[in-house]
Every structure is written in C-alpha cells, then in structure tokens.
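Given next are the chains, with one letter for each unit.
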Amino acid sequence: MNYDVDVLIVGAGPTGLALAAQLATYGTSFRIIDRRQAPSTQSKALAVQPRTLEALRPFGVSDAMVRRGNAATQLHLHLPEDTVSIGLFDAGVEDSAYQQLLFLPQSDTENILTSYLASRGVRVERGAELLELDRLDPQDPFAGMEARVQRQDRGIDRIRARYVVGADGVGSAVRRRAGMDFRGSGYEDSFVLADLEIDGAEPSAVHAYPTDDGFMVLFPLGSPASWRMISLKDKGDTSETTLSSLQETADKFSGGTLKLRDPHWMSTFRLSHQMAEYFQWGSVFLAGDAAHVHSPIGGQGMNTGIQDALNLGWKLALGARGLASDELIDSYDAERRPVAREIVGFTDRLFKLATTRNGVKKLPRTKLLPALAPVAAASERLRSRAFRTISQLGIHYRGSDLSETGGNRLPAVLASGPRPGDRLPDAAVTYQEHERRLQDLVSSPGFHVLLTGPGWPEDTPQQFHAALPAVDGLLSVHRLVVGSRLTPGGPGIIQDTSGLAFERLGLSARRPEIIVVRPDGYIGFRSSGTDINGALGYLGRLTGTSEESSLRTA
C-alpha cells in the first residue's frame, strides 16, 4: 500500500502537538492539521502535573515550561471557621525531578511545543478541516485511511495515511467520521470562569472556598493574568458574567476579603463527562478530549491527553517501520481506556462533592471536610497517597499484555520495587563522570535495557544487539551499578552513587536483574538472574521479531 504519510494528526492542541513531537524524534513521516487559522490565545487548561513534565522532558521542553509557569506549593482551604494550609507535592513525589504543581496557560504549552516542532522543521498546517475519512481497503480496517481535507488556501487535499489520530477535541470530526460513539452526559450547573487580578489572595497558593452554596477556587496563573477564578453560578442565573457579578461571587465565598480587577477574560460555561466507546477503530485512533472529557477539578484533562499521545506515538512509530506486532498497536486502547475511565470517574466524584446542593449529599463538603482537613494536612501518608494520584505518577499498566515478569522473578523480590507496568522511578545518578537523571538516560527513542547487580558477562550488550538486529537502532543496553564518584565508570555504565536508584527500584547490589524500559518510560519486563532469553522474547514479541530472536539464540 502506498501512503502519503505514516500518520495524519488531526488537531494541534497539546495532545496533537505532543504526539507530533514524539513522532518527530523517531523520524516518522506525519502531517498535523488544524481547522483553526491561528493558535488559541486563551489560557484554557492550566495545570501541568509532574508526570506530564517527566513525559515531555525528552523533547527538552519541560524546563522551559517550568521557567514560564507558576509553581504552587500550598493549598489554602478557607473553611467557615478556619483556614487550613496543606502542602502541595511535599510528600510522595520524591522520585521525580518535578515536585510541584505547575500552572501554565494552555496557550503557552502549545507555543512551547510548536516551537520545538519548528526547530525540527515541522509546521502545523492551519486552516485545514477534515471533511471525510474512508478506508483505503473497504475489507481491511487496518490497511490505512484516505482523508479529504478542506484547505482554506488551496481547496481539497487528499491524504493517504497508514494511521489517523483524532486529537481534535470534544467535537472531534475524526470520531464522527469513524462512527465512534461518545457516551456520557452534561452537568446541570453553570460555572463562571475568569482570568483577572485579585487583591487580598496570597500568591503562589491555590485558594479553595467550599461552602453550603458550592465552591470557588482561585489558581495562581501568573500570565496572562495573575489569577484564574472558577465558581459555581446560582441555580437559574442566566445573567451575563461581568466584573461586578464576579465581585459579588467572590464576596459571597470569601466574606468580602478579596478585591477583583482588570479582567483579561470572562466566560460562563457548562461541563460534561463523556468517553468514547473505544479509542481505536482499525487504523483510526482517538486521544485527548476527542476520546474523553470530564470536569477540570483535579487538573487531569490536558495531562491525560498528553499522556494518551505519548503512549500511542512510539507504537505508531514502530508500526510505521514494520517493527510493531498487532498486539503492540492494539495495546493503546487496552492501556489508555482504563486510565481514562478511572480519571473520568474520579473527577466526577470530586465534582459532585464540590457542587452538590442536596442537603444530605453536601454533608461531606460542609461537615466532614472541615473536620478532616486538619488531619489530612498533618498526615504525610495521606498527602503522599493523594498527590501521587493527582500528579499521575501512580498511573500504571500492570494488567497490560505488554507488562511481563520473567519466570525466575521471585514474588517477594517483586514486592520490593516497581512492577512491570509501573512508571520507572527517577533518581540522580552518575554517567561519564557527570550527574544525570536516570529517566534522562533512558529517554532516547526506543527500548532501554538495564542490567543491574553482579555477574553480567561483558558481552551481554552485544548479545542483545546480535539477537535483535532489526531493532538494533532502537535498543540501548546499560549497566546500572552501585558506584562511587571516585570510581570512573566505563562505556554504558550508570553509577548509582547515592543508592537511591537501587532503593527506588527495589534492587540489590548482590542480585542481578534485567529491567526493560518501554519507550514511554514504563517498565515493560523485569526478571532476576542473568539469563537474557526472557527479555529477548519479550522484545521480540512486541516488535514482531520473535522468530528472528529465537533463531539467533537457539
């Protein structure tokens, strides 16, 4: 089959741009189109979670996002009788380089990702709207698609693509053209949203005001205005949102302690919670809001979309090279739909807790929250559990067919560290006499194998490459050892001079292990001992080269 490109990305929001960034690192041919003539200038989604910053770090954009964004370190919960201060991400995220909740306007996130793509010679094609989507082979849903695209500058374009990804938002044209159901419902209440200046609110903190009437939350946005305000409107209130009406809302929730001024943007909106019936239809995939949409409470939406993209991108990149088994391509829906389902349910529960006006149902907000908030603030264990959920560091794929434990991996040992399907924890290590981050060293495109502990033959890396020649350019083998800054490391040797990498991975300096890290930073395979056949079989199964690897190791 002849294709114009391997991947057609429809939608140039954060999800589509993140997908494009990953495909670009693999040299995969793609086009990214968007029906909008220009990028959005509104702040929209603004919370960037630690896991998202980790996932974007391989493209060199995370530090720029941190520099441009506004980090919040405290949540001030303004209760009727008291204000409780709770540390944000001061517990439970020690194994990440990013230990803060970052607030950055979505427009800035898009701008940073677009600049990265431009540095690699990639241009977003704007003013291009998807009209039709047809299978190249009516009898084979996996044979690729032809897209008819209306170009405002030059008429109709026909694009033949091996894969099409709909990252075009809640009203996704890709989802509609592919006939994929979008199930769920809207919430009854209306909300006000504004970016503006506020006097009287302590900076660098999130302020939440839960009351009998609902809630108001202030986020330290920084730019294009200092604050983002979101609040529940009175039932039946259909009036226009103005600075005066916003001030009345602020007075109701804060008791008149805040002065609002200089609005940059104001809006009234409704929310919904919906999810696509499935995320893949043959050669068509959905990601981000095209696949799932939910309440913004918890700051999960944009982050989930970006991680959809980075779960999918490397699989499509390998598929374009003929190095992806059907199982690997199909794993996108199997891995990401459960994550989306959990997040939609989690945010729905939070949303209802924050907004219900029912006398009994609002008791957790009006009675239990004031009683439990001081306990939660004082408990590192409770904060750690909550923040690993919110930060998305706790997302895992343990039940995935891509997560495999070697036959000689002892259950007692497995319990001491992350399992296959878990995110690879981060730590400072030493490589070639320089301090680096472990996640950085395994972030180049492809699979990374960590050989840990003693007893490894010197030619083990060569054995991996010889057994999997088709994957050779996408396979890196490292030794991870407990080392000293005074002891020089050799080629391919990562020294854990602090002991934190071994501790966080549940490793022993006396016990050899193999860890295979997937291209998206999750552990795919783990086994004890120095027998590499299990790891070779795993890599061969995912890349469709099992027969080749078995012949070479027979």
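Let me sum up the structure you'll find in this document.

Conventions we followed
- Residues numbered from 1 in each chain as written.
- Predicted model: local features only at pLDDT ≥ 70, side-chain atom pairs only at ≥ 80, totals over all residues.
- Heavy atoms only, no water.
- Helix = DSSP H or I, 4+ residues; strand = E, 2+ residues; numbered from the N terminus.
- Buried < 20%, exposed > 50% of the residue type's maximum accessible area, 1.4 Å probe, protein only.
- Contact = heavy atoms within 4.5 Å.
- Pairing = 2+ DSSP bridges.

**Description of the environment of G16**
Okay, so step 1: One can find G16 in helix α1 (residues 14–26).
Okay, so step 2: The exposure class of G16 is buried, given its relative accessible area of 0%.
Okay, so step 3: Distance in space between the C-alpha atoms of G16 and F219 is 26 Å, their sequence separation being 203 residues.
Okay, so step 4: Apart from residues no more than four positions distant in its own chain, G16 is found in contact with I9, G11, I32 and A167.

**Regarding unusual backbone geometry**
Okay, so step 1: Note that the residue after S223, namely P224, is joined by a cis bond; omega there is 0 degrees.
Okay, so step 2: Here P224 lies in the loop between β14 (214–220) and β15 (227–232).
Okay, so step 3: The phi dihedral of D262 falls on the positive side, at around 45 degrees, and the residue is not glycine.
Okay, so step 4: Even without being glycine, Q432 reaches a positive phi, approximately 50 degrees.

**A closer look at the sheet that holds strand β25 (residues 493–496)**
Okay, so step 1: If you trace the eight strands from one edge of the open sheet to the other, you get β20-β27-β26-β23-β24-β25-β21-β22, paired in mixed fashion. Only two strands of the sheet have a single neighbouring strand rather than two, namely β20 (404–405) and β22 (434–437).
Okay, so step 2: Relative to strand β27 (residues 523–528), β20 runs parallel, the two sharing two bridges. From the neighbouring strand, T405 faces β27, where its bridge partner is R526.

**What about the sheet that holds strand β4 (residues 70–72)?**
Okay, so step 1: Here we have three strands laid out as an open sheet, ordered β3-β7-β4, and antiparallel in their pairing. Since the sheet does not close on itself, it has two edges, and those belong to β3 (47–48) and β4, each with one partner.

**Focus on the pairing of strand β13 (residues 205–211)**
Regular strands have side chains that alternate between both faces of the sheet.
Okay, so step 1: Within β13, six of the seven residues are buried, which leaves the element mostly enclosed by the surrounding structure.
Okay, so step 2: Direction of pairing for β13 relative to β14: antiparallel, over a ladder of five bridges. Bridge assignment links P210 to a residue of β14, and that residue is F215.
Okay, so step 3: Between β13 and β14, which pair antiparallel and follow one another directly, the connecting turn spans two residues.

**Structural notes on the pairing of strand β26 (residues 513–517)**
Okay, so step 1: Extensive coverage of β26 is indicated by the burial of five of its five residues.
Okay, so step 2: Here five bridges tie strand β23 (residues 447–452) to β26, and the two strands are oriented antiparallel to one another. Bridging from a neighbouring strand, V449 pairs with V516 of β26.
Okay, so step 3: Two elements, β26 and β27, share five bridges in a ladder whose sense is antiparallel. Residue I515 lies in a different strand from β27, and its bridge partner there is R526.
Okay, so step 4: Between β26 and β27, which follow one another and run antiparallel, lie five residues, and G521 among them has a positive phi close to 90 degrees.

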